[in-house]
Amino acid sequence: QVQLVESGGGLVQPGGSLRLSCAASGSIFSINTMGWYSQAPGEQRELVATITSYGFTNYADSVKGRFTISRDNAKNTVYLQMNSLKPEDTAVYYCNADVKTIARVIMNSWGQGTQVTVSS
C-alpha cells in the first residue's frame, strides 16, 4: 500500500502565494514521476506540473513562470510553489506519483486533494 498526503492548501488573495506539499509513504521501493493536477468544479482533472526522479519538469502553459515544482527524493515528497495566484487557479489540487513498491509492483497513486481558493 502507498499513501499520498497533501498539505498547504487554503484561501489566498489574488497575487498571493501558497506552497503545497505531498508526502508519500508505505511500501515504497522507488518513485519515478511525481506531479500535481487540479480540478475545478464541473471541470475535468488536468495536469499542472510533473517532475521525474532526475528532476526533469513539465508545466501546463497556464502556470509557466508562476508555479515551481520540486521534490526531495530522500523524503519521498513533492512540492508546488504557487506564486502570482489568480482566481482561475481555484481548484482542488491532487498529488500523483508513479511508485514501484517493495514487491516490485508499479502503482499509480493519488492523494486525497487539497483545496486552493484564490479570492479577494
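You'll find the structure just up there.
Small disclaimer: the values here were computed from a predicted structure and weren't measured.

**Here we look at the state of the cysteines**
The tally for this structure, following the rule as stated, stands at one disulfide. Covalent S-S linkage joins Cys22 and Cys95, the inter-sulfur distance amounting to 2.1 Å. The S-S bond linking Cys22 to Cys95 shows a torsion near -80 degrees; that makes this disulfide left-handed. Of this pair, Cys22 sits in strand E3 (residues 18–26) while Cys95 sits in strand E9 (residues 91–101); the two residues are 73 residues apart in sequence, bridging distant segments of the chain. For the pair formed by Cys22 and Cys95, the shared burial category is buried.

**Description of the nonpolar core**
One finds Trp36, Leu80, Met82 and Tyr93 to be the most contacted residues of the largest nonpolar core, which totals 30 residues. For this core, the secondary structure elements donating two or more residues are strand E1 (2–7), E3, strand E4 (28–39), strand E5 (46–51), strand E7 (67–72), strand E8 (77–82), E9 and strand E11 (114–118). Considering every element that reaches this core, the biggest residue donor is E9, with five residues. Residue contacts for Met82: discarding those within four places in its chain leaves Gly16, Ser17, Leu18, Leu20, Arg66, Phe67, Tyr93 and Val116.

**Details of the packing of aromatic side chains**
Taken as a whole and judged by the stated rule, the model has one aromatic pair. Centroid distance Tyr37 to Trp110: 5.1 Å. Interplanar angle 65 degrees. Geometry classified as edge-to-face. Here Tyr37 is found in strand E4, whereas its partner Trp110 is found in strand E10 (residues 106–110), with 73 residues between them in sequence. Over the face of the ring belonging to Tyr94 we find Arg45, whose NZ or CZ atom lies 3.6 Å from the ring centre. When the ring centre of Phe29 is taken as reference, the NZ or CZ atom of Arg104 above it lies at 3.7 Å.

**Brief notes about the pattern of salt bridges**
Under the defined criterion, the tally for this structure stands at two salt bridges. One salt bridge in this structure joins Asp61 and Lys64, with 3.1 Å as the shortest N-O distance. Of the charged contacts, one joins Arg66 and Asp89 as a salt bridge, the two residues approaching to 2.8 Å between their closest N and O atoms. Of the two residues, Arg66 sits in the loop between strand E6 (57–59) and E7 while Asp89 sits in the loop between E8 and E9, which places them 23 residues apart along the sequence.

**Observations concerning the pairing of E4**
Within a regular strand, the side chains alternate between the two sheet faces. In this sheet, E9 lies alongside E4 in antiparallel orientation, the contact comprising nine bridges. From the neighbouring strand, Trp36 faces E9, where its bridge partner is Cys95. The sheet contact formed by E4 and E5 spans five bridges and is antiparallel. Its bridge partner being in E5, Gly35 is matched across the sheet by Thr50. Linking two consecutive strands that pair antiparallel, namely E4 and E5, is a turn of six residues; a positive phi of about 75 degrees is found at Gly42 within it.

Each value, and the rule that gives it
- Residues numbered from 1 in each chain as written.
- Predicted model: local features only at pLDDT ≥ 70, side-chain atom pairs only at ≥ 80, totals over all residues.
- Heavy atoms only, no water.
- Disulfide = S-S within 2.5 Å.
- Helix = DSSP H or I, 4+ residues; strand = E, 2+ residues; numbered from the N terminus.
- Buried < 20%, exposed > 50% of the residue type's maximum accessible area, 1.4 Å probe, protein only.
- Core = buried A, V, L, I, M, F, W, Y, C linked by side-chain atoms within 4.5 Å.
- Contact = heavy atoms within 4.5 Å.
- Phe/Tyr/Trp six-rings, centres within 6.5 Å; stacked < 30°, edge-to-face > 60°.
- Lys NZ or Arg CZ within 6 Å of the ring centre and 35° of its normal.
- Salt bridge = Lys/Arg side-chain N within 4 Å of Asp/Glu carboxyl O.
- Pairing = 2+ DSSP bridges.

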